[in-house]
Amino acid sequence: MIDRAVELLSSVPKVLVFTGAGMSTASGIPDFRGPDGVWNRVDPSEFTLQKFIDNPGTRKRSWDMRNKSALTALPNAAHLAIAEMWSKGRLTACATQNVDGLHQRAGLPDELVVEVHGSALYCRCLGCTETWPTTEILDRVAAGDADPHCEHCGSIIKPAVISFGEQMPMAAMEQAFAAANECDAVISAGSTLGVYPAADIPLQAVRRGVPYIVVNQGETAHDDIADVLISGDVTQVLPAIVERM
């Protein structure tokens, strides 16, 4: 199947890559829906935006779940392969559900990485426009401030990650769909493709009839529409494809 993927990609100048949590498990960041995923250990309904705003206990549990190791993880071979695709002039954008910043650490320019679910690397005040590096807020939590509030306006501080029930970032979604409307092929890597509206991004490209390559360890919601379906480790499959592009 790698041969078929390379064949489909051989003559296309602009590839959109869509990535999910399976991209980062080899970097030590757990996924959400896999056998050892985060949502098997905690109830996702506890972490809606409204509960975060209304319930100090929810906020404390949310901060307790976060640690600095996830903020300092290193990109793996799959991230580096996508960066190499960009260096070869073949990448039009990388739309990612991930919030870990590993695509940028692998060498992709900020303007090419579209973070449709936000970023775990910084936090924002829900009352004013103030932002902070997440490490700074975690230092406050470690020092005993279990429910940190903004020192400027007193409002709640929240990681800049999209919560359940929170509006998707409009600018990022517009950029991702624009890339889907312009690309000549799309690769989905490390995503179960079951979370919408993010999973609509590769579908927008597919509706235009461009080749669709899905790489994931396990089933996805788009298995039946992929032109090439590769069930395997993204850290092995993506470098093998990009090397031959």
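Just above, that's the structure.
Note that this is a predicted model, so its numbers are computed, not measured. The residue numbering used here restarts from 1 in each chain and proceeds along that chain's sequence as written. The model is predicted, so local features are restricted to residues of pLDDT at least 70 and side-chain atom pairs to those at 80 or more, both for listing and for counting; the totals for chains, interfaces and linings are taken over all residues. Side-chain measures here rest on the full set of heavy atoms in the structure, leaving out hydrogens and waters.

Enquirer: How do you make sense of the overall build of the protein chain when you look at a structure like this?
Expert: Numbering of helices and strands starts at the N terminus; helices are DSSP runs of H or I of at least 4 residues and strands are runs of E of at least 2. A tally of regular secondary structure across the protein chain gives nine helices and nine strands. For the radius of gyration, the atom set is restricted to C-alpha positions; the globular benchmark scales as 2.2 Å times the number of residues to the power 0.38. For the protein chain, the C-alpha radius of gyration of 18 Å lies close to 18 Å, the compact-globule estimate for 245 residues. With respect to the principal axes defined by its C-alpha atoms, the protein chain has extents near 55 × 35 × 30 Å. A total of 245 residues make up the protein chain; the buried ones form 49% of that total. When a residue's accessible area, from a 1.4 Å probe over protein chains only, is under 20% of the maximum for its type it is buried; when over 50% it is exposed; and in between it is partly exposed.

Enquirer: Just to check I follow, could you spell out the sheet that holds strand 7 (residues 185-189) for this structure?
Expert: Sheet strands associate in pairs through backbone hydrogen bonding, adopting either a parallel or an antiparallel arrangement. Taken together, the six strands give an open sheet; going across it, the order is 3-2-1-7-8-9, and neighbouring strands pair in parallel fashion. Of all strands in the sheet, those with a lone pairing partner are strand 3 (113-115) and strand 9 (228-231), marking the two edges. Averaged over neighbouring strand pairs, the angle between their axes works out to 15 degrees when direction is ignored. If DSSP finds at least two bridges between two strands, the strands pair. Inspection of the sheet shows strand 7 paired to strand 8 (residues 212-216) by four bridges, in the parallel sense. To obtain an axis, a line is fitted to C-alpha atoms, over the contacting stretch when the element is a helix, and the angle between two such axes runs from 0 to 180 degrees between their N-to-C directions.

Enquirer: Before we go on, may I ask you to explain the pattern of salt bridges in this structure?
Expert: Pairing is possible between side chains of opposite charge, provided their charged atoms come close. For this document, the term salt bridge refers to a Lys or Arg side-chain nitrogen within 4 Å of an Asp or Glu carboxyl oxygen. What the rule picks out here adds up to eight salt bridges. Measuring nitrogen to oxygen at the nearest pair gives 2.7 Å for the salt bridge that ties Arg-244 to Asp-3. Placement of the pair is Arg-244 in the segment after helix 9 (234-243) and Asp-3 in helix 1 (residues 2-9), with a sequence separation of 241 residues. Residue classification places Arg-244 among the partly exposed residues on the basis of a relative accessible area of 45%. Put simply, Glu-84 and Lys-88 hold a salt bridge, and the shortest N to O gap is 3.6 Å. Under the relative-accessibility criterion, Lys-88 is labelled partly exposed at 33%.

Enquirer: Which parts of the structure should I look at to understand the packing of helix 4 (residues 77-87) against helix 9?
Expert: Describing two packed helices takes the angle between their axes plus the distance from one axis to the other. The N-to-C vectors of helix 4 and helix 9 enclose an angle of 20 degrees; their axes lie 7 Å apart at closest approach. Regarding the angle of helix 4 to helix 9, the classification is roughly parallel. The element helix 4 and its partner helix 9 pack so that their crossing is left-handed. For the pair formed by helix 4 and helix 9, the contact residues are Ala-77, Ala-78, Ala-81, Ile-82, Glu-84 and Met-85 on the first element and Val-234, Thr-235, Leu-238, Pro-239 and Val-242 on the second. Put simply, Ala, Val, Leu, Ile, Met, Phe, Trp, Tyr, Cys and Pro go in the nonpolar bin, Asp, Glu, Lys and Arg in the charged bin, and everything else, Gly too, in the polar bin. When grouped by side-chain class, the residues that make up the contact of helix 4 with helix 9 number nine nonpolar, one polar and one charged. Any angle that falls under 35 degrees is termed roughly parallel, while one over 145 is termed roughly antiparallel, one within 65 to 115 roughly perpendicular, and all others oblique. Helix crossings get a hand from a simple test, with the near helix turned counterclockwise from the far one by less than a right angle marking a left-handed crossing and a clockwise turn marking a right-handed one. We call two residues in contact whenever any of their non-hydrogen atoms come within 4.5 Å of each other.

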